[in-house]
Amino acid sequence: MLKATDLNVYYGKIHALKGISFQVNEGEVVALIGANGAGKSTTLKTISGMLRSRTGSIEFMGENISHTESYKLVSKGLAHVPEGRRIFLQMTVMENLEMGAYVNKKTSRADYEDIFERFPRLKERRNQIAGTLSGGEQQMLAMGRALIVHPKLLMLDEPSMGLAPILVGQIFDIIKELHKSGTTILLVEQNAEMALKVADRAYVLESGTIKLSGTGAELAASDEIKKAYLGG
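Everything quoted here is computed from the prediction, not taken from an experiment.

A.B. asks: Before we go on, may I ask you to explain the packing of helix 6 (residues 135-147) against helix 7 (residues 165-180) in this structure?
C.D. replies: What describes two packed helices is the angle between their axes and the distance between those same axes. Following both chains from N to C, one finds helix 6 and helix 7 inclined at 15 degrees, their axes separated by 10 Å at the closest point. With respect to helix 7, the axis of helix 6 lies roughly parallel. In terms of crossing hand, the pair formed by helix 6 and helix 7 is right-handed. Seen from helix 6, the contacting residues are Gly136, Gln139, Met140, Met143 and Leu147; seen from helix 7, they are Leu167, Gln170, Ile171, Ile174, Ile175 and Leu178. Here the contact of helix 6 with helix 7 is composed, by residue class, of eight nonpolar, three polar and no charged.

Structure follows, in structure tokens:
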């Protein structure tokens with residue numbers, strides 16, 4: 001579904017991604033793990049058109065999207081839930097969902113009901129101002145806003161960041177449910193233990209390069225990963 005080849009991305013003179021290549025197959029959960037500054041968020045921003053690679057290519061559903069504008073990618077079925085959620089704080093929950101649905105003129109009442117079924121807390125708060133929601137509720141809203149257009153690929157950037165442990169568990173339960181329902185997910189997550197539990201495959205980024213790759217189970221069992229990321 002997604003194939004990134006030889007991505008080199010810079011912030012000014014800083015070489016943030018150094019020739020990385022990876023792929024995501026349909027129906028998979030693929031995790032990108034690594035320390036702060038490893039290049040995880042930069043990778044997602046490059047895929048979704050917010051940053052540009054100086055080399056290589058990005059293919060989505062067989063189409064080269066390396067120079068496609070971000071808003072056009074949403075219409076093609078690629079949704080990005082950014083780090084920090086980035087919801088519209090002054091709008092209601094329902095208005096945020098309507099903004100997510102803007103690119104799809106065929107969105108129906110049933111689509112909204114699907115989101116409310118998946119996130120009952122949002123249904124209870126549908127008329128509440130988004131900025132007054134808890135952190136976990138805001139994360140659910142950000143995910144709901146992305147899912148309203150039925151994306152082919154959902155990219156999640158640090159969905160557990162800043163959440164209490166019980167809410168982290170709830171967010172990962174939702175990711176598991178999405179996986180079971182057939183949603184393809186590219187997950188960036190600092191909580192390596194949780195990410196590897198839900199991932200079919202994973203890549204370990206270090207200083208802008210891919211250091212290791214394998215199945216979630218293989219990496220979770222790796223002594224090197226245990227020592228570096230799992231406290232083993």
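A.B. asks: Is there a simple way to think about the pairing of strand 1 (residues 2-11) in this case?
C.D. replies: The side chains of a regular strand alternate between the sheet's two faces. Here eight bridges tie strand 1 to strand 2 (residues 14-24), and the two strands are oriented antiparallel to one another. The residue bridging Asn8 from the neighbouring strand is Lys18, located in strand 2. Between strand 1 and strand 2, which pair antiparallel and follow one another directly, the connecting turn spans two residues, one of which, Gly12, has a positive phi of 65 degrees. Bridging between strand 1 and strand 4 (residues 57-60) involves four bridges; their strand directions are antiparallel. Following the sheet pairing, Leu2 is matched in strand 4 by Phe60.

A.B. asks: Sorry, what's going on with the pattern of salt bridges here?
C.D. replies: Should their charged atoms come close, side chains of opposite charge can pair. Applying the stated criterion across every chain, the model contains nine salt bridges. For Arg201, the salt bridge identified is with Glu28, shortest N-O distance 2.8 Å. In this pair, Arg201 sits in strand 9 (residues 201-206) while Glu28 sits in the loop between strand 2 and strand 3 (29-33), placing the two residues 173 residues apart along the sequence. Between Lys211 and Glu224 there is a salt bridge, and its shortest N-O distance comes to 3.1 Å. Highlighted residues: Lys211 in strand 10 (residues 209-215) and Glu224 in helix 10 (residues 223-229), separated in sequence by 13 residues. What makes Lys211 partly exposed here is its relative accessible area of 41%. The class of Glu224 is partly exposed, set by a relative accessible area of 39%.

A.B. asks: When you look at the nonpolar core in this model, what are you seeing that I'm missing?
C.D. replies: If you look at soluble globular proteins, the nonpolar side chains tend to sit buried side by side. Grouped together as the largest cluster of nonpolar side chains are 46 residues, with contacts concentrated most on Leu154 and Ile175. Looking at this core, the element that brings in the most residues is helix 7, giving seven residues. In this structure Leu154 touches Ala79, Val81, Ala146, Leu147, Leu178, Thr183, Thr184, Ile185 and Leu186, once residues within four positions along its chain are discounted. Listed in part, the 26 residues of the second largest apolar core include Val9, Ile58, Leu153 and Val188.

Rules behind the numbers
Residues numbered from 1 in each chain as written. Predicted model: local features only at pLDDT ≥ 70, side-chain atom pairs only at ≥ 80, totals over all residues. Heavy atoms only, no water. Axes fitted to C-alpha atoms, helices over the stretch in contact; angles between N-to-C directions. Helix = DSSP H or I, 4+ residues; strand = E, 2+ residues; numbered from the N terminus. Parallel < 35°, antiparallel > 145°, perpendicular 65-115°, else oblique. Left-handed = near helix turned anticlockwise from the far one by under 90°. Contact = heavy atoms within 4.5 Å. Nonpolar A, V, L, I, M, F, W, Y, C, P; charged D, E, K, R; others polar. Pairing = 2+ DSSP bridges. Salt bridge = Lys/Arg side-chain N within 4 Å of Asp/Glu carboxyl O. Buried < 20%, exposed > 50% of the residue type's maximum accessible area, 1.4 Å probe, protein only. Core = buried A, V, L, I, M, F, W, Y, C linked by side-chain atoms within 4.5 Å.

On their own, these measurements won't tell you what the molecule is for.
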